[in-house]
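Structural overview
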Amino acid sequence: MTYVDGLVAAVPTANKAAYITHAQNAAALFKEYGALSVVECWGDDVPEGKVNSLHTAVLRKEDETVVFSWVTWPDKATRDAGWQQLMTDPRMQPAANPMPFDGSRLIYGGFEMIVGP
């Protein structure tokens, strides 16, 4: 069954071009290691909530934009193997593909798809 990794981050708005380059490089590697698709979305209409919101979840600063991303995999086993390979691939290391945002505020998780295409 299809498996999905979901990610939410706060990216400095001034780093949008650098983030797109980073995301394109990472997407190619995700696909190389078995991902079916990688989707990156730059926040455009992300309301701030009174109790909680994507803004507060990632501790977004005034000069940052919320980014929402997901990676689809054919199944959890492929995802687990893919992530293991990604984390040791030199092309994913900060020297080769630096993260243009504070990774300590990145929120992510793996999800079993229960409704979808």
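What comes next concerns the included structure.

Quick look at the pattern of salt bridges now. Tallied over the entire structure, the rule returns 8 salt bridges. Between Arg105 and Glu64 there is a salt bridge, with the nearest N and O atoms lying 2.7 Å from each other. Separated by 41 residues along the polypeptide, Arg105 in the loop between helix H3 (76-88) and strand E4 (107-112) and Glu64 in strand E3 (residues 64-73) bring together distant segments of the chain. The pair Arg105 / Glu64 is uniform in exposure class, with both members buried. The partner of Asp80 in a salt bridge is Arg79, and the shortest N-O contact between them spans 3.1 Å. For Asp80, a relative accessible area of 35% translates into the label partly exposed. Take Arg79: its relative accessible area is 15%, and that puts it in the buried class. Beyond isolated ion pairs, a larger network of salt bridges with shared partners links Asp5, Lys76, Arg79 and Asp80.

Reading the values: rules and limits
- Residues numbered from 1 in each chain as written.
- Predicted model: local features only at pLDDT ≥ 70, side-chain atom pairs only at ≥ 80, totals over all residues.
- Heavy atoms only, no water.
- Salt bridge = Lys/Arg side-chain N within 4 Å of Asp/Glu carboxyl O.
- Helix = DSSP H or I, 4+ residues; strand = E, 2+ residues; numbered from the N terminus.
- Buried < 20%, exposed > 50% of the residue type's maximum accessible area, 1.4 Å probe, protein only.

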